[in-house]
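Given next are the chains, with one letter for each unit.
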Amino acid sequence: DTWNEIPDLDLTQKEADARRTWDFHFQSGKMLDFQFIPERTSNDGRKMAYLRDVLDYGAEFALNEDLIVYSNLDLAFTTDLPKRLVQAMAGGGGVCVAWRRTFDYNPNQWFETVKQGKLDGGVDLIAVSPQWWRKHRQNIPDFFLGGNFWDYCFRIYAEQANGKAVYLDDGTYH
């Protein structure tokens, strides 16, 4: 079950295609899957996902050396995304966001890089260290993840907090 109750067949297929790339990492042990189920509800009773809740949930399980990663469900990962994230996090002071690339692809093909795709400016993945999240949590607005511009606002805050760009321009795609 998903918290989004409106079925979208195209999105459902994109999520299934993306999930195959996630499973590659889950089966290799490079990433662990902690599926988050929102607790908060809107005024009409629908489950709502908020960034603070998701990152707090990740921080509950994370060891100090871990990364807490949030991704939209339809975002596919390259085969070396974990390595790219570790490098970006080290250079970004414990936080990074990943630009999304778009291109027509075969969902049964694996990609090491997606630099051939168009960089569309969207950020569908963020990563924080548990230490960075604990230090900056109180300064992050309570973003609703189904809304617009939460990713842009998070990126701007992270860059201002770290005094430099904190993004990864390869590793994720639609």
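Residues numbered from 1 in each chain as written. Predicted model: local features only at pLDDT ≥ 70, side-chain atom pairs only at ≥ 80, totals over all residues. Heavy atoms only, no water.

Caption draft 1: Spotlight on the overall build of the chain. Secondary structure summary: the chain contains five helices and six strands in total. Traced from its N-terminal end to its C-terminal end, the chain shows the element sequence α-α-β-β-α-β-β-α-α-β-β. Projecting the C-alpha coordinates of the chain onto the three principal axes gives extents of approximately 40 × 40 × 30 Å. Across the 174 residues in the chain, those meeting the buried criterion constitute 44%. Taking as baseline every contact in the chain between residues at least 6 positions apart, the subset at least 24 positions apart corresponds to 74%. Summing over all exposed atoms, the chain offers an accessible surface of approximately 9800 Å²; the carbon and sulfur share of this is 50%. Within the chain, one finds 19 positive and 26 negative side-chain charges whose respective centroids are separated by 6 Å. (Helix = DSSP H or I, 4+ residues; strand = E, 2+ residues; numbered from the N terminus. Buried < 20%, exposed > 50% of the residue type's maximum accessible area, 1.4 Å probe, protein only. Contact = heavy atoms within 4.5 Å. Areas by Shrake-Rupley, 256 points an atom, 1.4 Å probe, with all protein chains shown as cover. Lys, Arg positive; Asp, Glu negative; His and termini not counted. Charge placed at Lys NZ, Arg CZ, Asp CG, Glu CD.)

Caption draft 2: Region of the structure containing the confidence of the model for the chain. With 95% of its residues at a pLDDT of at least 70, the chain reaches an overall mean of 88. Put simply, strand S4 (residues 118-128) is where the chain has its lowest mean pLDDT, 88, and helix H4 (residues 130-136) is where it has its highest, 97. (pLDDT = per-residue confidence, 0-100.)

Caption draft 3: Spatial organisation of the pattern of salt bridges. Applying the stated rule across the entire model yields 15 salt bridges. Asp 17 is paired through a salt bridge with Arg 20; the nearest N and O atoms lie 3.2 Å apart. With Asp 17 and Arg 20 both in helix H1 (residues 9-28) and three residues apart, the pair spans about one turn of that helix. Look at Arg 20 and you get partly exposed, because its relative accessible area is 35%. Salt-bridge contacts for Arg 40 lead to Asp 53; the nearest nitrogen and oxygen are separated by 2.8 Å. Taken together, the residues Arg 40 in the loop between H1 and helix H2 (51-61) and Asp 53 in helix H2 connect sequence positions 13 residues apart. (Salt bridge = Lys/Arg side-chain N within 4 Å of Asp/Glu carboxyl O.)

Caption draft 4: Quick look at a nonpolar patch on the surface. A cluster of nonpolar side chains, Leu 32, Phe 34 and Phe 61, forms an exposed patch at the surface whose accessible area comes to about 330 Å². Assignment of secondary structure puts Phe 61 in helix H2. (Patch = residues over 30% accessible without salt bridge, like charges linked within 9 Å, V, L, I, M, F, W, Y side chains within 5 Å.)

Caption draft 5: Local environment of the packing of aromatic side chains. Evaluation of the coordinates by the stated rule reveals 14 aromatic pairs. Taken together, a centroid distance of 5.2 Å and an interplanar angle of 10° make the contact between Trp 22 and Phe 77 stacked. Taken together, the positions of Trp 22 in helix H1 and Phe 77 in strand S2 (residues 76-77) put the pair 55 residues apart, joining distant regions of the chain. For the pair formed by Trp 22 and Phe 77, the shared burial category is buried. Taken together, the ring pairs connect Phe 34, Phe 36, Tyr 57 and Phe 61 into an aromatic cluster. For Arg 40, the ring lying beneath its charged end belongs to Tyr 50, and the centroid distance is 4.0 Å. (Phe/Tyr/Trp six-rings, centres within 6.5 Å; stacked < 30°, edge-to-face > 60°. Lys NZ or Arg CZ within 6 Å of the ring centre and 35° of its normal.)

Caption draft 6: Seen up close, unusual backbone geometry. We note that Phe 149 has phi near 75°; this positive angle belongs to a residue other than glycine. Summarising the element assignment, Phe 149 is placed in the loop between H4 and helix H5 (150-162). A residue is classified by how much of its surface remains accessible, and Phe 149, at 59% relative accessible area, is exposed.

Caption draft 7: Highlighting the nonpolar core. In this structure, Leu 51, Ile 126, Val 128, Trp 132, Ile 140, Trp 150 and Phe 154 are the most contacted members of the largest nonpolar core, which totals 24 residues. Among the elements of the structure, H2, strand S1 (68-71), strand S3 (95-102), S4, H4 and H5 are those that each provide at least two residues to this core. Apart from the residues within four sequence positions on either side, Leu 51 is in contact with Ile 126, Ile 140, Phe 143, Leu 145, Trp 150 and Phe 154. (Core = buried A, V, L, I, M, F, W, Y, C linked by side-chain atoms within 4.5 Å.)

Caption draft 8: Spotlight on the environment of Arg 84. One can find Arg 84 in helix H3 (residues 81-91). Measuring from C-alpha to C-alpha, the distance between Arg 84 and Asp 170 comes to 8.0 Å, with 86 residues separating the pair along the chain. Excluding residues within four positions of it along the chain, Arg 84 makes contact with Thr 78, Glu 112, Thr 113, Leu 168, Asp 170 and Gly 171.

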